[in-house]
Amino acid sequence: MIQRNQDAFASVFLLAVSVLMFIATYNIQQMTVSAIGADFAPRLVAGGLFTLSFIMLITSIRKQKNPASQAEEESDEDTEADQNVPINKKSVFLTIGLLIGYVALIPIIGFLLMTVVYLFLQMYILAEKSQRRIVLFLVVSVISSGVIYYCFKNIFYLRLPAGILG
């Protein structure tokens, strides 16, 4: 019961944050003449946050209205919680170091190469040793970085740091 109330409160809070965030985007100056400006991404994030928060609110309201069917789900969640693995502090510190290195090296090495390296290393760090698939991590890193670079360059007409690629 407490979890359901927390979900409702959290979703209402996030709904308010998303509305404030969307309103705040009207204060962002337009520096380009293109239809997609600096306010596009924040509005997209605010819209996504609003949508997901609204879905969470509806779900929590439905759970409060039908508590009998939720008893089974809660018992399933309790067994899953027992199986949770404790957080590996080493991976947390490595992730923080990776993020700092990524931000520091983007101007030098460039967005495309640094994003490939960052994504690969992040997946490698977060995967369990038995689940590390280097070829898959490399393919996902290269494809996702290429798609992101293409979208920013050719759809949003935004410049990204080229680095050593010029």
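What counts and what doesn't
Residues numbered from 1 in each chain as written. Predicted model: local features only at pLDDT ≥ 70, side-chain atom pairs only at ≥ 80, totals over all residues. Heavy atoms only, no water. UniProt positions renumbered as here; feature names shortened; annotations may be inferred. Helix = DSSP H or I, 4+ residues; strand = E, 2+ residues; numbered from the N terminus. Core = buried A, V, L, I, M, F, W, Y, C linked by side-chain atoms within 4.5 Å. Buried < 20%, exposed > 50% of the residue type's maximum accessible area, 1.4 Å probe, protein only. Contact = heavy atoms within 4.5 Å. Phe/Tyr/Trp six-rings, centres within 6.5 Å; stacked < 30°, edge-to-face > 60°. Expected span 1.5 Å × (residues − 1). Bend = angle between axes of the 7 residues up to and from the residue. Polar contact = N/O pair within 3.5 Å; in protein donor to acceptor, adjacent residues only side chain to side chain.

### Regarding the UniProt feature "transmembrane region" (unreviewed entry) in the protein chain
- Sequence positions flagged by UniProt for "transmembrane region" (unreviewed entry) are, in local numbering, residues 7-28, 40-61, 92-121 and 133-152.
- Taken end to end, residues 40-61 is 100% helix and 0% strand, and its two terminal C-alpha atoms sit 32 Å from one another.
- With 95% helix and 0% strand, residues 133-152 has end C-alpha atoms that lie 28 Å from one another.

### As for the nonpolar core
- Among the nonpolar cores identified, the biggest contains 8 residues, and these are Leu98, Tyr102, Ile106, Phe111, Met114, Tyr118, Ile125 and Leu160.
- Counting residues per element, the ones that place at least two in this core are α4 (89-109) and α5 (111-126).
- For Leu160, the contacting residues outside a window of four places in its chain are Phe111, Tyr149 and Phe152.

### A closer look at the packing of aromatic side chains
- Applying the stated criterion to the full structure yields 5 aromatic pairs.
- When the centroid spacing of 5.8 Å and the interplanar angle of 80° are considered together, the rings of Phe22 and Tyr26 count as edge-to-face.
- For Phe22, a relative accessible area of 33% gives the class partly exposed.
- Ring centres of Tyr102 and Tyr118 lie 4.9 Å apart, and the angle between their planes is 35°; this geometry places the pair in the tilted category.

### Looking at α4
- Between the first and last C-alpha of α4 there are 29 Å, a value that for 21 residues agrees with the 30 Å anticipated at 1.5 Å per step.
- The axis of α4 is deflected most strongly, by about 30°, at Val103, and proline Pro107 appears within four residues downstream.
- Ser91, Thr95, Leu98, Tyr102 and Ile106 are the residues of α4 that are buried.
- Those residues of α4 that are buried are in contact with α5.
- Where α4 begins, the side chain of Asn88 points an oxygen toward the backbone nitrogen of Lys90, at a separation of 3.1 Å.
- Just past α4, the residue Gly110 takes up positive phi, approximately 110°.

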